[in-house]
Structure formats: C-alpha cells, structure tokens
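# Observations on the three-dimensional arrangement
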Amino acid sequence: LIKKGREKSTFVDPANPSAPIEWTGRWRASEDRLRSIDRGVRAAGSVARSGGDYDRWDLEVRGGLLASARVLIAVEEQGHGYQMLRARVVPRVGAPGVIAAAILATLAAAAWIEGAPAATAILGAAALAVLVRIAWEAGSAVRILSAAVEREMGPDPVTHASSKKSAARVATEQ
C-alpha cells in the first residue's frame, strides 16, 4: 500500500498504518539514527530522554508536565546496504494530569448535585482546562518528535527515484 498525496514515497504497513516504512540505500546503525533524531528534537528546543535496554521505546520527548511522546524505531537489514526503517510515534499522558482532571470533574459533579451552579461551572472549567492542556502538550510532543523522525527517515537520494518508479508502477497496475 502506498500513501497518496505526499511528495516522498512512504509505504504503509496494513497492520499498523501509523508506522511509516521507508527503504534506504544508505546503511547506518540504529544508534546513529537515534542520535540524529535526538539532535533534531534538541534543535527544536525540546527535551529528549533515551529509553533503556528493557524499555519498549527508544526516545521520549516531553511536551510539558502532563504529556509526552515516545518513538520506537525498527531497522531491518535487507542486504547490500539496504535497510527498511519503521518508526512509531505514540503520545503518552501522565497519570497526574488525568488524576487532577478526574478529581476536578468529580468535584464539579458533586457541586452540581448539591445545587451550586457557580462552583460547578468553575470546577468543570478547570477540569476542561486540564484536559485541553494535556491534549496540547501531547500534540506538541508528537509534532516535534514526528518532524525529527521524518527528517531522519526522509527519502534517500539513492533509492528515492526507484521508489517513485515502483510506486507509479503499483498505482498503474491497480
């Protein structure tokens, strides 16, 4: 499957459509690729943290106090210097923000039951503000991390032309 409407040829894994696949003719170690993504994140002014040997993620970017984004990168060797790259960026919401929003929403519900409309409105607005802030921080972290991953996984000059030809061939066969 090929994602249409994009300038570069990005293949989509049907099992996981959010994880783009890119073929490259430049061999690089996965650690070098992660360092490059880390530099891109730091150049954007964000804070990055590397995952450990037993973590299910490779790099985490903080969006703020309440949310972050994590990336998992897979590199599959295809031989003759070719690699298949796969990256998955996932937002992560911290428990403190969710707990704070739940407490505020519960207090707003209790105020509504007790017949206090002013307290209900204030507490409800505070709960909504916390949820909006969580969404904003998660989106910000995903945007920064995705941009760094896109730069690293961008089209390789060696294979980009052949990928475009194969993409055109697949599109005409359908």
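Here, the structure is the one placed above.
Residues numbered from 1 in each chain as written. Predicted model: local features only at pLDDT ≥ 70, side-chain atom pairs only at ≥ 80, totals over all residues. Heavy atoms only, no water.

## Quick look at the environment of Val41
Short version of the rule: Secondary structure elements are defined from DSSP: runs of H or I of at least 4 residues count as helices, runs of E of at least 2 residues count as strands, and each element is numbered from the N terminus. To sort residues, take the accessible area from a 1.4 Å probe on protein chains only and compare it with the maximum for the residue type: under 20% means buried, over 50% means exposed, and anything in between is partly exposed. Contact criterion: two residues are considered in contact whenever any of their non-hydrogen atoms come within 4.5 Å of each other.
Looking at the secondary structure, you find Val41 in helix α1 (residues 30-43). We classify Val41 as buried; its relative accessible area is 0%. A C-alpha to C-alpha distance of 10.0 Å links Val41 and Leu59, two positions 18 residues apart in sequence. When near neighbours in sequence (up to four residues on either side) are disregarded, Val41 contacts Ser46, Ala48, Val61, Ile144, Leu145 and Ala148.

## Some thoughts on a nonpolar patch on the surface
Under the convention used in this document: Patches here are clusters of residues that have more than 30% relative accessible area and form no salt bridge, with a 9 Å joining cutoff for like charges and a 5 Å cutoff for nonpolar side chains (Val, Leu, Ile, Met, Phe, Trp, Tyr). Surface accessibility in these figures is a Shrake-Rupley result with a 1.4 Å probe; residues are shielded only by whichever protein chains are displayed. By definition here, a salt bridge exists when the distance from a side-chain nitrogen of Lys or Arg to a carboxyl oxygen of Asp or Glu is within 4 Å.
On the surface, a nonpolar cluster with roughly 280 Å² of combined accessible area is contributed by Ile99, Ile103 and Leu107. Along the chain, Ile99 falls in helix α2 (residues 95-113).

## Digging into α2
This is how the line gets drawn: The span expected for a helix works out to 1.5 Å for each residue beyond the first. Throughout, the arc means the angular range of directions from the helix axis out to the C-beta atoms.
Taking 1.5 Å per residue, 19 residues should reach 27 Å; α2 reaches 27 Å between its end C-alpha atoms and fits that length. Looking only at α2, the buried set comprises Gly97, Ala101, Leu104, Ala108 and Ala111. Projected down its long axis, α2 shows its buried positions confined to an angular sector of 85°, all on one face. Away from its buried face, by an angle of more than 90 degrees, α2 presents the exposed residues Thr106 and Ile113. Elements that come into contact with the buried residues of α2 comprise α3 (117-152).

## Describing the pattern of salt bridges
Applying the stated criterion across every chain yields a total of 8 salt bridges. A salt bridge links Asp32 to Arg35, with the shortest nitrogen-to-oxygen separation between them at 2.4 Å. With Asp32 and Arg35 both in helix α1 and 3 residues apart, this pair spans about one turn of that helix. Notably, a salt bridge pairs Arg70 with Glu60, separated by 3.2 Å at the nearest N-O pair. Within this pair, whereas Arg70 is found in strand β5 (residues 67-79), its partner Glu60 is found in strand β4 (residues 59-62), the two being separated by 10 residues in sequence. Of the two residues examined, Arg70 and Glu60, each falls in the buried class. Through salt bridges with shared partners, a single ionic network connects Arg49, Glu60, Arg70 and Arg92.

## Quick word on the packing of α1 against α3
Let me state the cut-off plainly: Each axis is a line fitted through C-alpha atoms, and for a helix only the stretch in contact is used; angles between axes span 0 to 180 degrees, taken between their N-to-C directions. The scheme is simple: roughly parallel for angles under 35 degrees, roughly antiparallel for over 145, roughly perpendicular for 65 to 115, oblique for anything else. Left-handed describes a crossing whose near helix is turned anticlockwise from the far helix through less than a right angle; right-handed describes the clockwise counterpart. For this scheme, ten residues count as nonpolar: Ala, Val, Leu, Ile, Met, Phe, Trp, Tyr, Cys and Pro. Four count as charged, namely Asp, Glu, Lys and Arg, and the remainder, Gly too, count as polar.
Two elements in contact, α1 and α3, have axes separated by 9 Å at closest approach and are oriented at 135°. Comparing the axis directions of α1 and α3 gives the class oblique. Considering only the axes of α1 and α3, their crossing is right-handed. Packed against α1, whose contacting residues are Arg33, Ser36, Ile37, Gly40 and Val41, the element α3 presents Ile144, Leu145, Ala148, Val149, Arg151 and Glu152 at the interface. Per-class residue counts for the contact of α1 with α3 are 6 nonpolar, 2 polar and 3 charged.

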